[in-house]
Structures are given as C-alpha cells and as structure tokens.
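The lines below spell out each chain.
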Amino acid sequence: MLEYIARRLLFMIPLLLGITIITFVVIHLSPGGPADMLTGLSPKVSAEAKARLHSLYGLDKPLHVQYWLWLTRLMRFDFGESFKDGRLVIMKILERLPATLLLNVLSLLLIFFIALPIGIISAVRQDSFFDKGMTVFVFLGFSVPAFWLALLLMLLFGVFLGWLPISGMHSVNFPYFSFWEKLWDVIKHLILPVFISAFGGLAYLSRYSRTSMLEVLRQDYVRTARAKGLPEKKVIYRHALRNALIPIVTLLGLSLPALIGGGFIFETIFAWPGMGRLGYQAIMARDYPVIMGVGVIAALLTLLGNLIADITYAFVDPRIRYR
Amino acid sequence: MLEVKNLWVEFYKGGKIIQALRDTSLILKRNEVLGIVGESGCGKSTLALSILKLIPEKEGKVVSGKILFKGEDLLRLSDEKLLKIRGDRISIIFQDPFTSLNPVFRTGNQIAESLNLHNKQNLSSHQIEKEIIRLLELVKMDKPKDTMLSYPHQLSGGMQQRVMIAMALSSDPEILIADEPTTALDVTIQKEILNLLTELQKRLGLSVVLITHDFGIVAQTCQRVSVMYAGIIVEEAVTWEIFHNPLHPYTKGLLESLPSREEAGSFSRDEKRRLKAIPGQVPDPSNLPSGCKFHPRCPKVIEECKPQEPRLREIVQNHWVRCIRAGD
Amino acid sequence: MWKIFWKRFRRNKLAMLGAFIIFSLAVVAIIAPLIAPFSPDQQDILHRLEPPSGKHFLGTDDLGRDLLSRIVYGTRVSLLVGFVAIGIAIVIGSLLGLLSGYFGGWLDTVIMRFVDIMLCFPTFFLILMVIAFLEPSIWNVMAVIGLTGWPSLTRLVRGECLSVREREFVQAARALGLSNRRVMLVHLLPNVMAPILVTATLGIGGAILTESALSFLGLGVQPPTASWGNILTAGKDYISVAWWLSLFPGLAILITVLAYNLLGEGLRDVLDPRMMAE
C-alpha cells in the first residue's frame, strides 16, 4: 500500500513538470512574450512593477534559463506580486482558497451522495419509470448551460421568491450575527452555488454509476452470490455495489478539473469570494502574475484530487492493494 | 431426487426469441453422477441455471415445465422458500472460478457468508472460522489459513475452483450442479479438480449433475449420461452403454471425434483412423432447422427426418434415443 | 454495412429527432437573412427592452435590437464554433491516438504523458488563460477549444487502435509489407471511426456550451456580433426587467446541445460493434 502511494507520488513529478512547462509556454504564447504584456495590453502597470516583472522572468536570459528561474520561484510558491494592488499573489490566492475548497468539497459530496443512488437504482430497475425519468434528467443535465440555469435560479429564488441570497458568501450584517445565525447565513448563500456547480457532475456521475452498475450486475460473481441463496438486496448492495464503486471513485477524482474550471464561471456569477472569481477578475484586468498563480494552484489541486482518487481506489479495490 | 420435466426455456436477444431448451426432461437419482454432454450453445448451461432459477429475468425465462426437488416444484416456490433450497440443499459451481468469485472480498469472507446464510446451529464467529478451515482442508488446500485471508486474485485458477467448491459444500448440500467445472483450468489442474469432485461425491454422498462438453470427463466420472443437441436431449443411458453402443448419430459423431486412450498417447500414425469431426456447424438457435435438429449434419439422414422432431424412444432397456433410425 | 446502419438508425427515434433538429439549425444558419425579420444589428433605442409582441416575436434587447433575429444569427456562430473547434480536436486527437496506438513504445509514452498533463488542467481555465493572452475573438475561441479538446479523444483512439492492431487483417496488412502510413489510414482508421464519430458529435455540443460560456463572460465572440452567449450577458444585467433576454438564448443553447447529445448517444447505440454484427 505504501509502495503504491509512493509510486503514485513519483508519477506526479513528471506531471507537475509538464504542467509548469505548459503554463510557461502559455505565458510566452502571447505575442511578443511577457515583455509585451508590460506595454501593449496593460498600460496601467507601474514602472516599479515592470522592473519587478523583468527580474521575475529574467527576460534578458535564454528561454531554458528563464524557465529554470521561474520554476525555482514556483517551488517556493513565489508567483510575484499582483499588478493591481501590489500584494503577493500567493497571499491573494490563499485568502480565497478556503471559499473555493468549501464550495468544491460540498459539490463533490452532493454529487456523490445524490448521483450514486440515482445511478444504482436506475441500473437495478433498468427500464422502469424511474430509470426513464432519470435518463431524461441526465440528458437535460448534459445539455443545459449551467450558467444559464444559474441565471434562471437566481431569477426564481432570488428575484421572484426572494428565498435565497443571490451573491456573495455572507449577508452585509454578518459580523453582528450569533454563531447559529452565521451558519444559517452561510448555508443560505451556499445553496445555489453548490447546486449549480454540482449540476453537471450530477448528470454525468448518475449516468456513469448506472453504466458501471449495469456492467457489474452482468458479472459472474453476482450470479454466484445469487446461487449462494443470498437475498436480492444483499446481492446488490453488498456484492454488486462494492464492485461498481471502484470506477466511480476514480471518476470522482477526475471530475475535479471540471469542478474547478466551472468555478471560474459560477463563482463569478454568484460573486463567490473564491479563487475562481479571483482568476476571472485577473483575466479581465490582465493581471498576469495572478493568472499564473491561479492556474498553477488549480492544476495542483487537480493533481491532489487525482492522488486522493488513486488512494481511495486502492482502498476499494484489493487487486490494487495486494499485487 | 431431482426431476426436470418437459422444461421449455426462452431467451430474448435483439428482439428475437431464442428457444434455448425445448421439452427437456431428466432425472437425477440419489448418489449418482449424471453427465450432461453437448457442444457449446446446446443449452446445457441454461439447464443448470434454470434448475436454480438463476436466469436473469431480462434475458430469458422458463416458459413451461416442472423442476421437482423431493416432490416440490422449484419453479412454483416463493422467493423466500427458494432461497432455502438454492445454495443450501442444491449448490452450483461454475465454469470460470476467476470471474465467479467476488474480487473485493477475502475468500474466507465469501465462504463465511454462505455459512452464515445457511447456518443451522448458530455458529459463533470462532466456530465459523474453524468451519472455513475444515472446508478448505476438505477441498485439499495446502494452507487453509492463508487461503482464508487471501483475495481471489492472489490464488491460482485451481485454488479458486477449490474455494468455489468449498463454498458450495459449506451448506452441506444434497445436490451439486457442476457447470463445466474444469473447462477454464489448465489440463493438469483439470484432473486434480475432477478427482477431488469424484472423491467428495463418494465421501459426502452427493448427487451431482456434471455439465461438460468432454466425453473423456464423462467416462471418468459419470454413471449416467444425457446427450444434448440444440436445446433438447437426444440420447440417454448409463455411461458404459453410451460408450459401447451409441445409438444417436450425433453421439457417435462426438465419440468418434474423441481420441481413444491409446491413440491419445501415441499420436496415431495410422492415417486411416484419424479423428473425425462432425461436418457442419451447430445450428443458429434463433433459426433451428425443421424436424430432427441434427438432420442437416447427419450422415444417415433420410427424408422422414425432416418434417417432424422424433420422440425419445427406449430402444434398449434404459437406453433412450431421439432418432427415427435408431435400432434400424 | 450502410444499409444496416441506416435501418438501425431509423429505428432510434431520439437520434432521428436530434439529427432533424441539427439539420433544421443548419438550414436556419445558412438562410439566416431570409428568416430573420430584422437585421440583427439594427438598433431602435425607442423600442428597447420590449417584451415579446406581434412585431418582435421574442422581444427586443437593451439597444432595441430584435431578439429573434439575433438568435437566428447566433445559430451561425454556434454551428461554426462547434464544427471548426471539434474539427481541430478530431484531427489532432485521432492523429496522436493513431500514432500512439499503432507504434507504441516511447512515442506512445510521450504522447500519453502529454495527454495526462493536459487532462490535469481544468480545461476551462486553460482556455480562459490562453484567451487572456490573445485577443478574444471567434477565431481564437475556436482554435483554443479545438486545441484543448483533443486529449480525451487521443486516449480513446489509442485504446481502440491497440485492440484493432492485433486483429488478423492488420497483422496481414503489415506482413504484406504495406507502409505504416497506409496501414494506419486504410486499415486502422476506418475501424476506429465509430467511436470518433460518437465523440465528435457529443463534443460539438460541449464546444457550443463552452463557446456560450466564454461569450457570456465576455471572453468569446465580441459584440456587436450576436452569439447566444453574449446575448445572455445582457440578459444577466437586465434579469429583473427583461426575462425574455435570459430565457430564449438559453433555450436555444439547450435545444441545440440536446440535439447533438441525442444524436451522439443514438450513434453510440447504433454503431455499437456488438450490435452491428447482427
């Protein structure tokens, strides 16, 4: 098991290097490279920031040296300073990270605990009314632009019904609330963003769990379980489910990039004070150090998600654990 | 002991109905090993599965017929009652032990599950463990304690099949259905498993339905044989009789395609006695020929074979054949 | 082969529905000037934010432009983006997948590691990042969606190739001394076409969604060119006074993407090799 985790960790190193290379390439993709950002696209940049940027990228040196310098800075999470307010990029990201993590973890949990039962029940009762209804839901889920759904829900719950707040993480008078009021306030602010950011994943994972379960139900060991004389419930919820979970767990880890990517839209729409909104604002303001920082951190989070998925995978599948 | 009466089973595939078993009957006597032989796709596995009502509802169903176990029709039992027979008094083992054992549970767990399910004396967990070890020793596992803690993928094919057998025997069944129990295994292991099954059958007084495509296995283990072709039984007799006086052309064909013991050893140099294969192919089950289903491949076919399926007739005492030309 | 395909396809009602919608949309895109009641850019400040009426079937936007006309013209953008972006992704993805699956070895390792890296990035952010460095325009949007959309396809094609490569006819072709290029294009490619086609169809839906999201964020198709995404941007600003601005463009996206998904899933069923063999 330890060996397996170690192997996974080692495997992440080339991936990490690759991520930094691509990010580096993207910076130099802009016409004229980072040098051009200083003058052409961002006229607001101060002279001081220009000088700092110059030294940050070592723009006078050859490319591979520039990359190496940049990489050593990255390893210390030194992304430089924001063009906008001169604060350290890493600090700006760190203060936004908890909100993003809260949103994503809740979304993942929601996806898992709603999509999984839906998929399993659909598979067990294949072609039933429930299954057909869910298939329609899944198709709609794949096809609805989530940001549009967000608008509609804001319109319905926020504007027409007035039940839920439509932006931010707290109400204005948040500091004066008691603990329980604070909690309730945050929950109310969370409902729409969590639902919207989970929405795509919900459809996808329900479909996937259904497929996975159908596949498992066809397996010989399910027939063996029945042949033993086990009641159908135990056959399904003990023998089949454990096996169907294996690919689903992996997928959950892999759905992290989509969740984080979606965050850039949803956090913006709901004015959620997370990393995604920071990234979006940075993009709109062409605040390159922040864009870079957010990009690298987002990729890191994805890698972390993959690692967690790999470890969970080993937990649910003894064929990985004991090789 | 067990009697299958006029069983008809249908499968649905791609909107078509396939008749997998047509009017199949057989009787299994106490303490006997009954062989069911036929090429793949002839319906022999379907027969095994339908005895325990293990055919998935979406794929097919028993249309008519009876399966009597001690006078009770298994097809008419409530689910609850069926579960007291399935895996308890009638156990089954399958062709491929690797896919038949659940990969995510330890083998000991899987055996314990059966033990708990059919636990007659309310064993404590300690006793259960002892019982698992006893069962694993019964099927001649070298290190029962290690095996118990292993996951299926850590065992070899032969060991996996032994675990399957141990699991099947955990409820102390009266009948064991073995569906091609050695087909997926290496040749050397096949023999070990077969010997084990024969020995256990005698020792425990089991009645066994052994399903196979291999007449060699039948010769070694079975007292009686039913030969199946295209979803129907075409010949039935005691083993000795079948081997020395096969009456159905299909049975003859099967036997001729089998190397005899001496030849198998010396790799026949005699060109005249080469192994004969039956010409033609097993018919498409969704598009069966008329009359005797074997007539398109039969060397002795006559016009009368084509319009109507022959009845099963007793040509010699206790030797039944479904061929109008048998005994000519 | 085509006969079986067509017979099976016609039986799949949902796929037929999808194909029909896509066909209709293509017609609408081509003859947009004939259908649209107004010019999409014709402003009419006196009649801004008018609700749906006999004159403006779907109402007008904040500049008094006819919403129906803008949506009709938006069809062009969606189809163009969908096809071009996925075209790019298909070419890159299939090519790398074929190379990887056919040659194996170090080439395979390099390509697959690259795919792993690409899949680690939240695609949407990668797109945002690139667009931030370039100028937002419809061409950049297409290029970027295409250039980031290939990795999963590469994986798929490689997997298919690996299984087809070992089949007799490919082995035979190689034994006959056909050039690698010929074996790949003539023998391998047709056999992996089915999954490519399915992925492409589903991918077009995805690309249209991405484009609309980018345009919504102001990073895609730039006004005044009408795109369903950028109409929604205005919709968001006037959400409490002009619901039609939010509702109809979204519906257009929903129906279009749904059509591609129906067609794609239908094709998946129809092209399932286990079924085609029947």
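Structure shown above.
Anyway, here's the lowdown on the structure attached to this text. Within any chain, residue numbers begin from 1 and follow the written order of that chain's sequence. Each chain gets a letter, beginning with A, and each ligand a number, beginning with 1, in the order they are written. Totals for whole chains, interfaces and linings use every residue, but because this is a predicted model, local features are given only for residues with pLDDT of at least 70 and side-chain atom pairs only at 80 or more, for both listing and counting. The basis for the side-chain values is all heavy atoms of the structure; hydrogens and waters are excluded.

Focus: the overall build of chain C
Secondary structure elements follow DSSP: runs of H or I no shorter than four residues count as helices, runs of E no shorter than two count as strands, and numbering proceeds from the N terminus. If you tally the helices and strands in chain C, you get 13 helices and 0 strands. The helix and strand sequence of chain C, counted from the amino end, reads α-α-α-α-α-α-α-α-α-α-α-α-α. In terms of overall dimensions, chain C has C-alpha extents of about 75 × 45 × 25 Å along its principal axes. Residues count as neighbours in contact if any of their non-hydrogen atoms are within 4.5 Å of one another. Sequence-distant contacts in chain C: of pairs separated by 6 or more residues, those separated by 24 or more amount to 72%.

Digging into the packing of helix α1 (residues 2–11) of chain C against helix α12 (residues 243–271) of chain C
Residues and elements named next belong to chain C. Where helices are involved, their axes are fitted lines through C-alpha atoms of the stretch in contact, as for all axes, and angles between N-to-C directions lie from 0 to 180°. Where α1 contacts α12, the two axes come as close as 10 Å, and the packing angle between them is 130 degrees. Between α1 and α12, the interaxial angle falls into the category oblique. When the axes of α1 and α12 are compared, the crossing they make is right-handed. Residues Phe5, Arg8 and Phe9 of α1 form the contact with α12, whose own contacting residues are Leu263, Leu267, Asp269, Val270 and Leu271. For the contact of α1 with α12, a count of residues per class yields 6 nonpolar, no polar and 2 charged. Here is the rule for angles: anything less than 35 degrees is roughly parallel, anything more than 145 is roughly antiparallel, 65 through 115 is roughly perpendicular, and the remaining ranges are oblique. In a left-handed crossing the near helix is turned counterclockwise from the far helix by less than a right angle, and in a right-handed crossing that turn is clockwise. Polar here means any residue other than Ala, Val, Leu, Ile, Met, Phe, Trp, Tyr, Cys and Pro, which are nonpolar, and Asp, Glu, Lys and Arg, which are charged; Gly is therefore polar.

Structural notes on the nonpolar core
Each nonpolar core is a collection of buried residues, namely Ala, Val, Leu, Ile, Met, Phe, Trp, Tyr and Cys, held together in the definition by side-chain atoms within 4.5 Å. Think of it in three bands: with a 1.4 Å probe and only protein chains considered, a residue is buried below 20% of the maximum accessible area for its type, exposed above 50%, and partly exposed in between. Within the largest apolar cluster, 138 residues are counted, with the highest numbers of intra-cluster contacts made by Phe147(A), Ile291(A) and Leu128(C). Counting residues per element, this core draws most heavily on helix α10 (residues 180–216) of chain C, which supplies 14 residues. Those residues within four positions of Ile291(A) in sequence are excluded, and the remaining contacts are Ala282(A), Ile283(A), Phe125(C), Met129(C) and Ala132(C). Formed by 91 residues, the second largest nonpolar core is a distinct cluster that contains Met141(B), Leu155(B), Phe215(B) and Ile278(B).

Concerning the interface of chain A and chain B
Taken residue by residue, the interface counts 23 residues in chain A and 26 residues in chain B. Put simply, buried area is how much 1.4 Å-probe accessible surface two parts lose in total, over both of them, once they are put together. Interface area for chain A against chain B, summed over the two sides, is near 2400 Å², with a carbon-plus-sulfur share of 58%. Three residues, Arg223(A), Lys228(A) and Tyr322(A), lead the burial of chain A against chain B; their summed loss comes to 26% of the area buried on that side. With a closest N to O distance of 2.6 Å, Glu113(B) and Lys228(A) form a salt bridge. A 3.5 Å cut-off defines polar contacts: any pair of N or O atoms within that distance qualifies, except that in protein one atom must be a possible hydrogen donor and the other a possible acceptor, and neighbouring residues in sequence count only when both atoms are side-chain atoms. Across the contact surface, chain A and chain B share 12 residue pairs in polar contact (both at pLDDT 80 or more). Of all elements in the fold, only α5 (89–124), α9 (220–227), α10 (232–254) and α14 (318–321) of chain A reach the threshold of two or more residues within the side of chain A that touches chain B. Sorting elements by how many residues they give to the side of chain A that touches chain B places α9(A) first, with 6 residues. In the side of chain A that touches chain B, the residues fall into 10 nonpolar, 5 polar and 8 charged. Here a salt bridge means any side-chain nitrogen of Lys or Arg lying within 4 Å of a carboxyl oxygen belonging to Asp or Glu.

Structural notes on the pairing of strand β6 (residues 90–93) of chain B
Residues and elements named next belong to chain B. On β6, burial covers both faces: Ile90 and Ile92 on one face and Ser91 and Ile93 on the other are all buried. Each pair of strands is called paired provided DSSP finds at least two bridges between the two strands. In this structure, β6 lies alongside strand β7 (residues 175–179), joined through 4 bridges in parallel fashion. From the neighbouring strand, Ile92 faces β7, where its bridge partner is Ile177.

A word on the sheet that holds strand β2 (residues 16–28) of chain B
All names here are of chain B. A sheet is described by the order of its strands in space; here 4 strands give the open sequence β2-β1-β4-β5, paired in antiparallel fashion. Two strands lie at the open edges of the sheet, namely β2 and β5 (72–73), each paired on one side alone. Across 9 bridges, strand β1 (residues 2–13) lies against β2 in antiparallel orientation. Looking at the pairing, Val9 lines up with Leu21 of β2. Relative to β1, helix α1 (residues 44–51) is tilted by about 110 degrees, and along the sheet it contacts β1, β2 and β4 (60–69).

Side note on the packing of α10(A) against helix α13 (residues 288–316) of chain A
Residues and elements named next belong to chain A. Orientation of α10 relative to α13, taken along the N-to-C sense of each, is 170 degrees, at an axis distance of 7 Å. One way to sum up the angle between α10 and α13 is to call them roughly antiparallel. Residues Arg242, Ile246, Val249, Thr250, Gly253 and Leu254 of α10 pack against Gly305, Asn306, Ala309, Thr312, Tyr313 and Val316 of α13.

Description of the interface of chain A and chain C
Reports of interface size often rely on the accessible area that becomes lost once the parts have come together. Residue-level contacts link 48 residues of chain A with 42 residues of chain C. Sorting the residues of chain A by area buried against chain C places Phe147(A), Trp148(A) and Leu151(A) first, and these three jointly supply 15% of that buried surface. For the pair chain A and chain C, the number of links is 1 salt bridge. As a salt-bridge pair, Arg207(A) and Glu265(C) come within 2.8 Å of each other at their nearest N and O atoms. Applying the counting criterion to the chain A and chain C interface returns 4 residue pairs in polar contact (both at pLDDT 80 or more). Taken together, the elements giving at least two residues each to the side of chain A that touches chain C come down to α1 (2–29), α2 (34–41), α6 (129–143), α7 (146–160), α11 (256–269), α12 (275–284) and α13 of chain A. A breakdown of the residues in the side of chain A that touches chain C according to their chemical character gives 37 nonpolar, 9 polar and 2 charged.

Here's the deal with the side chain of Thr210(C)
Within the fold, Thr210(C) resides in helix α10. The contacts of Thr210(C), once residues within four sequence positions are left out, are Phe124(C), Ile127(C) and Ile145(C).

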